[in-house]
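Each chain is listed here by its residues.
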Amino acid sequence: MAWQLEEAITYYGKQGAPGDQSALIALLGEIQQENGGGIPVAAVEETAKAYGVKESLLLALIKRVPRLRLADTHCLEICCGPNCGRKTELAEVAQRLCGSKVTVKQMPCMRLCGKGPNIKWDGKLYHQADETLLRRLLKD
Ligand code: FES
């Protein structure tokens with residue numbers, strides 16, 4: 001039987017979504033898995049409508065949870081740990097440079113402090129990141 005968004009919404013509704021954020025996050029993860037690794041904006045809209053919540057709530061969850069991402073967007077994870085965060089203002093630069101096609105997530109220490117500042121672009125780790133690297137990644 002093919003996966004259906006409506007059925008998933010009903011199932012996770014019985015698990016406590018949208019009030020229980022862990023159920024909502026599990027639903028978003030399943031939507032992402034069933035859609036090739038990205039959550040379609042249409043699915044966000046349908047889920048928000050079905051649960052009677054604002055789309056901004058779901059988008060905020062997608063932004064907050066590292067493994068979630070919108071479809072057709074890049075994911076930029078910036079280490080904002082005590083060492084990387086002090087070396088650069090990458091998070092601010094990224095917010096300025098990145099449009100709606102990039103989900104920017106501020107992450108805790110990636111445990112590679114000696115090679116920082118560290119970022120991940122679509123899951124690939126980059127060391128000694130700076131504004132030049134961000135511009136190159138956005139251009140490619
Ligand atoms: S603070 Fe960035 S890797 Fe530790």
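If you're wondering where the values come from, they're calculated on a predicted model, not measured in any experiment.

Let's talk about helix H2 (residues 21–34)
The end-to-end C-alpha distance of H2, which contains 14 residues, comes to 20 Å, matching closely the 20 Å that a straight helix rising 1.5 Å per residue would cover. For H2, the elements touching its buried residues are helix H1 (5–14), helix H3 (41–51) and helix H4 (55–64). Taken from the residues just after H2, Gly36 is the one with a positive phi, measuring 70 degrees.

Examining the nonpolar core
Core analysis: the largest hydrophobic core is formed by 22 residues, its most contacted members being Leu27, Leu28, Ile31, Ile39, Tyr51, Ile62 and Leu68. Among the elements of the structure, H1, H2, H3 and H4 are those that each provide at least two residues to this core. Sorting elements by how many residues they give to this core places H2 first, with six residues. Those residues within four positions of Tyr51 in sequence are excluded, and the remaining contacts are Ala8, Ile9, Tyr12, Gly13, Ala17, Pro18, Leu24 and Leu27. One finds Val102, Val104, Ile119 and Ala129 within the second-largest nonpolar core, a separate group that totals 16 residues.

Some thoughts on the domain arrangement of the protein
If you check the domain split of the protein, you get domain 1 (5–64) and domain 2 (74–139). Centre-to-centre, using C-alpha coordinates, domain 1 lies 27 Å away from domain 2.

Considering the packing of aromatic side chains
Scanning all chains against the criterion turns up one aromatic pair. Ring geometry for Tyr11 and Tyr12: centres 4.9 Å apart, planes at 90 degrees, overall edge-to-face. A residue is classified by how much of its surface remains accessible, and Tyr12, at 12% relative accessible area, is buried.

Structural notes on the pairing of strand E1 (residues 74–79)
The element E1 is largely enclosed, with a buried count of five among its six residues. Here six bridges tie E1 to strand E2 (residues 102–107), and the two strands are oriented parallel to one another. Counted as the bridge partner of Glu77 is Lys105 from E2. Alignment of E1 against strand E3 (residues 119–121), held across three bridges, turns out to be antiparallel. Directly across from Leu76, in E3, lies its bridge partner Trp121.

Basis of the calculations
- Residues numbered from 1 in each chain as written.
- Predicted model: local features only at pLDDT ≥ 70, side-chain atom pairs only at ≥ 80, totals over all residues.
- Heavy atoms only, no water.
- Helix = DSSP H or I, 4+ residues; strand = E, 2+ residues; numbered from the N terminus.
- Expected span 1.5 Å × (residues − 1).
- Contact = heavy atoms within 4.5 Å.
- Core = buried A, V, L, I, M, F, W, Y, C linked by side-chain atoms within 4.5 Å.
- Buried < 20%, exposed > 50% of the residue type's maximum accessible area, 1.4 Å probe, protein only.
- Domains from an automatic or database assignment.
- Phe/Tyr/Trp six-rings, centres within 6.5 Å; stacked < 30°, edge-to-face > 60°.
- Pairing = 2+ DSSP bridges.

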